[in-house]
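Letter by letter, the chains look like this.
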Amino acid sequence: MRVKKEKRHRKIVRFYTACFGFRQPYKVICDGTFMYHLIANQITPADNALATTLAASVKLFTTKCVIDELKGLGESHSEALQAAHKLTIARCEHERKKSADACIMDVIGEKNPEHFFVATRAVDLRKKLQEVPGVPLIFGLRNALFLEQPSTFQR
Ligand SMILES: [Zn+2]
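In short, a report on the structure.

Here is what the cut-offs are and how they apply
Residues numbered from 1 in each chain as written. Predicted model: local features only at pLDDT ≥ 70, side-chain atom pairs only at ≥ 80, totals over all residues. Heavy atoms only, no water. Pairing = 2+ DSSP bridges. Helix = DSSP H or I, 4+ residues; strand = E, 2+ residues; numbered from the N terminus. Patch = residues over 30% accessible without salt bridge, like charges linked within 9 Å, V, L, I, M, F, W, Y side chains within 5 Å. Areas by Shrake-Rupley, 256 points an atom, 1.4 Å probe, with all protein chains shown as cover. Salt bridge = Lys/Arg side-chain N within 4 Å of Asp/Glu carboxyl O. Lys, Arg positive; Asp, Glu negative; His and termini not counted. Charge placed at Lys NZ, Arg CZ, Asp CG, Glu CD. Donors = N, O, S within 2.8 Å, 3.2 Å for Na, K, Ca; no water. Tetrahedral: all angles 85-135°; square planar, octahedral: opposite > 155°, others 65-115°. Buried < 20%, exposed > 50% of the residue type's maximum accessible area, 1.4 Å probe, protein only.

## Brief notes about the sheet that holds strand β2 (residues 58-62)
In step 1: Read from one edge of the open sheet, six strands run β3-β2-β1-β4-β5-β6, paired in mixed fashion. Unpaired on one side and paired on the other, β3 (88-89) and β6 (144-147) mark the two borders of the sheet.
In step 2: Bridge count for strand β1 (residues 26-30) against β2 is four bridges, and the pairing is parallel. Following the sheet pairing, K27 is matched in β2 by K59.

What follows is the structure in structure tokens.
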């Protein structure tokens, strides 16, 4: 089971390196729902977990708007906020904060020029990103992390 999953993940990563020019260390932009999932399921440290998922070196990012949104969620999300503070901030140029979803959509743009993987559990955001070319998606289910199969649109 585990070996099968690793093999599937390697194949997906190869697809993005071959077709879209992704290079290590892979950049992964994480939203609040994903950071919360990592904490709630004790998947830490985040960078090790994602390096294992992608079987590659990774660099983790988030955005100022994601951090602001986590701050607004109060005590229940304080650990997720702490973990998000350890990530690199991807530039988003939103002086007035946007919702985390809108912010990530802006950072990815029409073609994901910076080659970000996006790690999120937000269903709406995932759906929107499936329609942008060259955006690999990572999500968590309980204590495991998965790389989503490229949508037919991606192919
Ligand atoms: Zn922003």
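Having seen it, we continue.
## Some words on a positive patch on the surface
In step 1: A grouping of K7, R10, K11, R14 and R155 is seen on the molecular surface, where their side chains present a positively charged patch.
In step 2: If you trace the backbone, R14 turns up in helix α1 (residues 2-20).

## Here we look at the coordination of the zinc ion
In step 1: C65 (SG), C92 (SG), H94 (ND1) and C103 (SG) make up the full set of protein donors to the zinc ion, lying at 2.1 to 2.3 Å.
In step 2: One way to put it: the four donor atoms around the zinc ion meet at angles of 102 to 119°, and that makes the site tetrahedral.
In step 3: One chain supplies every donor for the zinc ion, spaced along it as C-x26-C-x1-H-x8-C. Placement of the pair is C92 in the loop between β3 and α6 (100-108) and C103 in helix α6, with a sequence separation of eleven residues. Here the two residues C92 and C103 agree in accessibility, since each one is buried.

## A closer look at the pattern of salt bridges
In step 1: Counted under the stated rule, the structure contains five salt bridges.
In step 2: Between K27 and E114 there is a salt bridge, with its nearest N and O atoms 2.9 Å apart. Residue K27 is located in strand β1, and its partner E114 is located in the loop between α6 and β4 (116-119); the two are separated by 87 residues in the primary sequence.
In step 3: Given the relative accessible area of 22%, K27 is considered partly exposed.
In step 4: Taking the relative accessible area as the measure of exposure, E114 reaches 45% and is therefore partly exposed.
In step 5: Here D68 makes a salt bridge to K71, at a shortest N to O gap of 4.0 Å. Here the residue D68 and the residue K71 both occupy positions in helix α4 (residues 64-72), the gap between them amounting to three residues, near one helical turn.

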